[in-house]
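Fold and geometry: a report
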Amino acid sequence: MTPDATPEDLREALALSAETLPGTWGEPIPLTTQPQLPPFPSHVLPAWLREFVDAVAEETQTPADLAGTLALAVLATAAGGRVIVQLRGRWREPTNLFTVVALPPGNRKSAVFAALTSPLRAAEKLLVSSAAGRIAEAEVTAKMAREAADKAATQAAKAEGMERDGLTAEAIALAQAADSLEVPNEPRLLADDSTPETVTTLMSEQGGRLSVMSAEGGIFDIIAGRYSGTPNMEVFLKGHAGDWLRVDRRTRSENIESPALTMGLAVQPSVLKDIGQNRVMDGRGLLARFLYALPESLVGYRKANPDQVPEPVAEAYERTVTALTLSLADWTDPAVLRLTPEADEVLGTYNERVEPQLRARGGRLGHVTEWASKLVGATARIAGLLHLGEHLENGYTQPISADTMNAAIELGDYFAAHALTVFDLMGADATLARARSLLSVIGDNGWESVTRRDLFAKVSRSEFPTVADLEPTVALLEEHGYLRSETPPRTGKRGRPPAPRYVIHPTVWEAKA
């Protein structure tokens, strides 16, 4: 470690059981200041998609994060439920995603949304037009079969003796034949702020595949029970994971073997803060399934006459997304994408890098483990989507390369950095208040270092009822550079292991020295 090591370097070294910490300290980051978040790495997208994302961001004067994150949701809409990524053994990842971008009002979210989803709506219209003839034929055939069965039943009811038995058998056979005829549902790719019940029905009708795309945050209120009074998130939880879903109702039963739900949302930051206070949504793990982007608003710094999206770039995007969507629309058994040995090695190395960060003590992602434990799987899903975008004609016949996996990992790191800030935002009020209180206790006691046990003995039980309640607050103070965590090595003797110790930034205790 060197004096210019970043706080992340320090945390990772500690998580990997580094025996020493550098003796130098940087200036702590004020608790009211959010860390600088990385920009969306649009350069890792396929060329046709990168050009459109950058051009839309320029024309609308919005962060590339908005168009880029929505672009991933567009690819997931085309491929979700139709393509899966084979990793190791029984570990497979579907290619549907949950994404959400948070920007304040006035950031032209609707304009970007319309530009990105336009080819999906065009593809949906083409699918509806193509299916119209089959649907009409099936409806007429089913109607005629039902009429024939009804007529036979009427004749059987009027007959007597042996003739009645024969006509009854014929009526039953015709009724069974009529019941076996299915009228195809009108194709549907997109839904907006639909209720969970509507989403379930649409997914059942569409073979388990659907995408909820919305430029507003109303869907979160609906999931939380705005209309029903009771939160209903089963279809969203299972729709993300691909777990079997069955819903029994009074009038019908809906059975979805392998649901694949994609969500692409653009909301205001206040929406994320509000849903973070909903213990039901957080407790069921719905919030842990989203990939978050929290870009900096460009309002106040926008150009008056920005460059427009070049027509060839727009046409290439429309044509490519529409063609990809139509080419995969009729797939019933999903295509299986495999990894090259090199890509498998890259993913394994990434997994090894992420895993120590999940540790409760010293792990960079230790306080968001429910989200972070899905990060490697989400990265594999992204790799599958990037692969399809690169190999438009025959992607399902080729394995995912190491270069594509590295591109997906760069996106995974981007979403990890943004998720940390988003989850802080969701619980900002309580965590920041406790962090200031804890910092005050540390300063008042003039500690240069303190054990977790001694620190817990001094704090308020109303704020920190248990030792475990210290963890997220300590993680926040460590994130901002006010302290470092270290675990003293065991002495080799029997008994309780040494208590974790916190080393305090000199600016905190020097005032009391």
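Up top is the structure.
How each quantity is defined
- Counting restarts for each chain: residues are numbered from 1 in the order of the written sequence.
- Totals for whole chains, interfaces and linings use every residue, but because this is a predicted model, local features are given only for residues with pLDDT of at least 70 and side-chain atom pairs only at 80 or more, for both listing and counting.
- Side-chain calculation: all heavy atoms of the structure are included, whereas hydrogens and water are not.
- Helix and strand definitions here come from DSSP, where helices need a minimum of 4 consecutive H or I residues and strands a minimum of 2 consecutive E residues; each element is numbered from the N-terminal end.
- Three labels apply to residues, based on accessible area from a 1.4 Å probe with only protein chains included: buried if under 20% of the type maximum, exposed if over 50%, partly exposed otherwise in between.
- Basic side-chain nitrogens of Lys or Arg form a salt bridge, by our definition, when they fall within 4 Å of a carboxyl oxygen of Asp or Glu.
- For the purposes of these results, a polar contact is taken to be a pair of N or O atoms within 3.5 Å, where, inside protein, one atom must be able to donate a hydrogen and its partner to accept one; residues adjacent in sequence count only when each atom of the pair is a side-chain atom.
- Under this scheme, a helix contributes an axis fitted over its contacting stretch, all axes are lines through C-alpha atoms, and angles between N-to-C directions fall in the 0 to 180 degree range.
- Should an angle fall under 35 degrees it is called roughly parallel, over 145 degrees roughly antiparallel, and 65 to 115 degrees roughly perpendicular, with every other angle called oblique.
- By convention the crossing between two helices is left-handed if the near helix lies anticlockwise of the far one by an angle smaller than a right angle, and right-handed if it lies clockwise.
- Any two residues having at least one pair of non-hydrogen atoms within 4.5 Å are treated as being in contact.
- Throughout this entry, Asp, Glu, Lys and Arg are counted as charged residues, while Ala, Val, Leu, Ile, Met, Phe, Trp, Tyr, Cys and Pro are counted as nonpolar. The remaining residues, Gly among them, count as polar.
- When DSSP locates at least two bridges between a pair of strands, those strands are taken to pair.
- By definition here, a helix of n residues has an expected span of 1.5 Å times n minus one.

1. Description of unusual backbone geometry
Even without a glycine there, the phi angle at Gln61 is positive, about 55°. Checked against the element boundaries, Gln61 lands in the loop between helix 2 (47-60) and helix 3 (64-79). What makes Gln61 buried here is its relative accessible area of 7%. Its identity as a non-glycine residue notwithstanding, Arg108 has a phi of 60°, on the positive side. For Arg108, a relative accessible area of 39% corresponds to the partly exposed category.

2. Thoughts on the pattern of salt bridges
Counted under the stated rule, the structure contains eight salt bridges. Across the pair Glu234 and Lys238 runs a salt bridge, and its minimum N-O distance is 3.6 Å. A residue pair is termed a helical-turn pair when its members lie 3 or 4 positions apart in one helix, as Glu234 and Lys238 do in helix 8 (residues 234-241) at four residues. As a salt-bridge pair, Arg452 and Glu471 come within 3.3 Å of each other at their nearest N and O atoms. On the criterion of sequence distance, the pair formed by Arg452 in helix 17 (residues 452-458) and Glu471 in helix 18 (residues 471-479) is long-range, its members being 19 residues apart. Look at the salt bridges and you will find they share partners, linking Arg146, Asp150 and Asp179 into a network.

3. Brief notes about the side chain of Thr77
Residue position: Thr77 is located in helix 3. A residue is classified by how much of its surface remains accessible, and Thr77, at 6% relative accessible area, is buried. At 2.8 Å, the side chain of Thr77 and the backbone oxygen of Ala73 are in polar contact. Of note is the side chain of Thr77, whose polar atom sits 2.8 Å from the side chain of Ser211.

4. Observations regarding the packing of helix 4 (residues 109-158) against helix 5 (residues 161-180)
Two numbers describe how helix 4 lies on helix 5: the axes approach to 8 Å, and their chain directions differ by 160°. Classified by the angle between their axes, helix 4 and helix 5 sit roughly antiparallel to one another. Remark: the crossing between helix 4 and helix 5 carries left-handed chirality. Here Ala145, Arg146, Ala148, Ala149, Ala152, Ala153, Gln155, Ala156 and Ala157 of helix 4 lie close against helix 5, whose contacting residues are Arg164, Leu167, Thr168, Ala171, Leu174, Ala175, Ala178 and Asp179. Residue classes in the contact of helix 4 with helix 5 are distributed as twelve nonpolar, two polar and three charged.

5. Section: the pairing of strand 7 (residues 253-256)
Of the two faces of strand 7, the one holding Glu254 and Ile256 is buried and the one holding Ser253 and Asn255 is not buried anywhere. Sheet analysis places strand 6 (residues 245-248) next to strand 7, joined by four bridges and oriented antiparallel. Bridge pairing in strand 7 links Asp248 to Ser253.

6. What to know about helix 11 (residues 311-329)
Over its 19 residues, helix 11 runs 27 Å from end to end, which matches the ideal 27 Å to within 8%, given 1.5 Å per residue. Taken together, the buried positions of helix 11 are occupied by Val313, Ala314, Ala316, Tyr317, Thr320, Val321, Thr322, Leu324, Thr325, Leu328 and Ala329. Those residues of helix 11 that are buried are in contact with helix 2, helix 3, strand 1 (83-86), helix 4 and strand 5 (209-214).

7. Examining the sheet that holds strand 2 (residues 92-94)
Taken in spatial order, the three strands of this open sheet run 2-1-10, and their pairing is mixed. On the outer flanks of this sheet lie strand 2 and strand 10 (335-337), each paired with one strand and no other. Adjacent strand axes in the sheet meet at a mean angle of 30°, parallel and antiparallel pairs treated alike. Here three bridges tie strand 1 to strand 2, and the two strands are oriented antiparallel to one another. What sits directly across from Gln86, in strand 2, is Arg92.

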